[in-house]
Amino acid sequence: VLAYNEKGEVGKSETFTRELFLPPCTLKSPQDESEVETPFPTFDWDSKALSKYLSRSKAAGYEKAHLKVKDETTQEEAWQKEFEDATISSVTYNEDGTGKDLVDDHYYDWCHWVDSYDAEGNLIASGYSNSWHFHYKGPIKAVLKGKIQILETPTTKNRDVGGTIPLVDATVTLTDSE
């Protein structure tokens, strides 16, 4: 940085770094401390204040948005998604297939943040949401035992099936047959 006064350049000046935080994103759903019953919840947040701030910014660069879901029961990351478009405000859990299945009766934590970079790719600012928590109560499970007939194709036949099979968006027709 060059410094000047009324007589001209004053010589070398100090270079300093300051952390800058962007306006926060407000989480909308799933709500904090809520019960979630679908294995693919939709995460919604409001980033209007952040979008407004970024649209007024004169800095050349780019932003990346992130969503993170953590299994609080196991202390492991369940899913993380990165978005090149920081204006996205909704996503369905594990829509890209890179995350872990939600586990019945586990507690989860989720948050959203946006990182802003200068033209050279240096991180210059971040905007974070709070972390919200939800309890996953999985889909209803049914126990099917016996023979289940699968529609005849060259590769399918009657099979003996037993155990617990999760029924999510499934149609099951039971008939009285041997």
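Residues numbered from 1 in each chain as written. Predicted model: local features only at pLDDT ≥ 70, side-chain atom pairs only at ≥ 80, totals over all residues. Heavy atoms only, no water.

Turning our attention to the environment of Ser29. Relative to the elements of secondary structure, Ser29 occurs in strand S3 (residues 26-29). In contact with Ser29, other than residues within four places in its own chain, are Thr42, Phe43, Asp44, Trp110 and Trp132. (Helix = DSSP H or I, 4+ residues; strand = E, 2+ residues; numbered from the N terminus. Contact = heavy atoms within 4.5 Å.)

Counting residues in hydrophobic clusters, the biggest one holds 21 residues, and the most contacted among them are Phe43, Trp45, Leu67, Val69, Trp110 and Phe134. Sequence-distant contacts of Trp45, defined by excluding residues within four places in its chain, comprise Thr26, Leu27, Lys28, Leu67, Phe83, Ile88, Ser89, Ser90, Val91, Trp110 and His112. (Core = buried A, V, L, I, M, F, W, Y, C linked by side-chain atoms within 4.5 Å. Buried < 20%, exposed > 50% of the residue type's maximum accessible area, 1.4 Å probe, protein only.)

Here we come to the pattern of salt bridges. For the structure shown, the criterion picks out five salt bridges. When the shortest N-O distance is used, the salt bridge between Lys81 and Glu95 registers 3.9 Å. Residue Lys81 is found in strand S7 (residues 76-83), and its partner Glu95 is found in the loop between strand S8 (90-92) and strand S9 (106-118); the two are separated by 14 residues along the sequence. Judged by its relative accessible area of 17%, Lys81 falls in the buried class. Taking relative accessible area as the criterion, Glu95 reaches 49% and is therefore assigned partly exposed. A salt bridge links Asp96 to Lys81; the nearest nitrogen and oxygen atoms lie 3.9 Å apart. With Asp96 in the loop between S8 and S9 and Lys81 in strand S7, the pair connects residues that are 15 residues apart, well separated along the chain. (Salt bridge = Lys/Arg side-chain N within 4 Å of Asp/Glu carboxyl O.)

Now for unusual backbone geometry. Most peptide bonds are trans, and most residues other than glycine sit at a negative phi. Between Ser29 and the following residue, Pro30, the backbone shows a cis peptide bond with an omega angle of 0°. Here Pro30 is to be found in the loop between S3 and strand S4 (34-36). Of note, Glu33 is a non-glycine position whose phi angle comes to about 65°, a positive value. Examined against the element boundaries, Glu33 turns out to sit in the loop between S3 and S4. Its identity as a non-glycine residue notwithstanding, Asn94 has a phi of 55°, on the positive side. Note on placement: Asn94 falls in the loop between S8 and S9. On the accessibility criterion, Asn94 (11% relative accessible area) is buried.

Mapped onto the elements, Asp71 comes out in strand S6 (residues 61-71). For the buried Asp71, which has no salt bridge, the nearest side chain bearing the opposite charge is Lys100, at an N-O separation of 7.2 Å. At 3.1 Å, the side chain of Asp71 forms a polar contact with the backbone nitrogen of Thr74. Of note is the side chain of Asp71, whose polar atom sits 3.5 Å from the side chain of Tyr108. If we skip the residues at most four places from it in the chain, Asp71 touches Glu76, Ala78, His106, Tyr107 and Tyr108. (Lys, Arg positive; Asp, Glu negative; His and termini not counted. Polar contact = N/O pair within 3.5 Å; in protein donor to acceptor, adjacent residues only side chain to side chain.)

The full count for this structure, using the stated rule, is eight aromatic pairs. An angle of 50° between the planes, with centres 6.0 Å apart, marks the rings of Trp45 and Phe83 as tilted. Taken together, the residues span a long stretch of sequence, with Trp45 in strand S5 (residues 42-46) and Phe83 in strand S7 at a distance of 38 residues. Given a relative accessible area of 2%, Trp45 falls into the buried group. For Phe83, a relative accessible area of 6% puts it in the buried group. Grouped by ring-pair contacts, the aromatic residues Phe43, Trp79, Tyr93, Tyr108, Trp110, Trp132 and Phe134 constitute a single cluster. (Phe/Tyr/Trp six-rings, centres within 6.5 Å; stacked < 30°, edge-to-face > 60°.)

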